[in-house]
Amino acid sequence: QVQLVESGGGSVQTGGSLRLSCAASENIPSNLYMNWFRQAPGGEREGVACIRVDADFTLYSEPVKGRFIVSQDRDQNAWNLQMNSLKPEDTGMYYCATGHYCFRQQEIVGWGSGTQVTVSS
């Protein structure tokens, strides 16, 4: 199966920015979607950003809308999540995942192992 590897996590202060990247081991079909999920300490995993691989559709959860931007370099099998104006509640483990649509975990077909994001107040 396709392997996904996240990078770019770290620790920042409130208001800072981070850029996460997700590298895929092979081409992702254009009818699939690349998701970004996150899981706060003690919380549930939730979808935060999603892009259709043909780049014709994006979706964001309300808590991150206007602050996060998902993009892709399909030719390089790479996806990015630019996170701006970070807040402590953005803290968590961030995962990229391929699926048949956005934010539906039952439709996910491949997960990365995650990268930690910590936002300090």
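That block above? That's the structure.
Residues numbered from 1 in each chain as written. Predicted model: local features only at pLDDT ≥ 70, side-chain atom pairs only at ≥ 80, totals over all residues. Heavy atoms only, no water.

Engineer: Can you walk me through the overall build of the protein chain in this structure?
Structural biologist: Within the protein chain one finds 0 helices and 11 strands. A globule of 121 residues ought to have a C-alpha radius of gyration of about 14 Å, and the protein chain, at 13 Å, matches this closely. By its C-alpha atoms, the protein chain is 40 × 25 × 25 Å across when sized along the principal axes. Within the span of the protein chain, comprising 121 residues, buried residues form 42% of the whole. Counted over contacts in the protein chain with a minimum sequence separation of 6, partners at least 24 positions apart contribute 56%. Accessible surface, the protein chain as shown: approximately 6100 Å² in total, 44% of it carbon and sulfur. The centroid of the 9 positive side-chain charges in the protein chain is displaced by 4 Å from the centroid of its 12 negative side-chain charges. (Helix = DSSP H or I, 4+ residues; strand = E, 2+ residues; numbered from the N terminus. Rg over C-alpha atoms; globule rule 2.2 N^0.38 Å. Buried < 20%, exposed > 50% of the residue type's maximum accessible area, 1.4 Å probe, protein only. Contact = heavy atoms within 4.5 Å. Areas by Shrake-Rupley, 256 points an atom, 1.4 Å probe, with all protein chains shown as cover. Lys, Arg positive; Asp, Glu negative; His and termini not counted. Charge placed at Lys NZ, Arg CZ, Asp CG, Glu CD.)

Engineer: Would you mind going over the environment of Val70 with me for this structure?
Structural biologist: Its place among the elements puts Val70 in strand S7 (residues 68-73). Between the C-alpha atoms of Val70 and Cys102, which are 32 residues apart in sequence, the distance is 13 Å. Excluding its chain neighbours within four sequence positions, the residues that come into contact with Val70 are Trp36, Ala49, Cys50, Ile51, Thr58, Tyr60, Asn80 and Leu81.

Engineer: I would appreciate a short explanation of the state of the cysteines in the present structure.
Structural biologist: Joining two cysteines, a disulfide is a covalent bond between their sulfur atoms. In this structure the tally under the stated criterion is 2 disulfides. Shown here is the disulfide that connects Cys22 with Cys96, its sulfur atoms set 2.1 Å apart. Looking along the S-S bond of the Cys22-Cys96 disulfide, the torsion reads about 70°, which is the right-handed sense. Here the residue Cys22 occupies a position in strand S3 (residues 18-24), and Cys96 occupies one in strand S9 (residues 92-99), the gap between them amounting to 74 residues. The class for Cys96 is buried, based on a relative accessible area of 0%. The disulfide partner of Cys50 is Cys102, and the S-S distance across this bridge is 2.0 Å. Residues Cys50 and Cys102 share a disulfide whose torsion about the S-S bond is about -75°; that sign makes it left-handed. Residue Cys50 is located in strand S5 (residues 45-52), and its partner Cys102 is located in the loop between S9 and strand S10 (108-111); the two are separated by 52 residues in the primary sequence. (Disulfide = S-S within 2.5 Å.)

Engineer: What am I meant to see in the sheet that holds strand S8 (residues 78-83) here?
Structural biologist: Strand pairs in the sheet, formed through backbone hydrogen bonds, run parallel or antiparallel to each other. Strand order in the open sheet formed by 4 strands is S1-S3-S8-S7, and the pairing between neighbours is antiparallel. Both outer strands of the open sheet, strand S1 (4-7) and S7, are each paired with one neighbouring strand and no more. Within the sheet, the average angular offset between the axes of one strand and its neighbour, ignoring direction, is 15°. Bridge count for S7 against S8 is 6 bridges, and the pairing is antiparallel. Paired with Asp73 across the two strands is Ala78, which belongs to S8. (Pairing = 2+ DSSP bridges. Axes fitted to C-alpha atoms, helices over the stretch in contact; angles between N-to-C directions.)

Engineer: Is there a simple way to think about the side chain of Ser61 in this case?
Structural biologist: Mapped onto the elements, Ser61 comes out in the loop between strand S6 (58-60) and S7. Ser61 has contacts with Gly47, Val48 and Phe103, leaving out every residue within four places of it along the chain.

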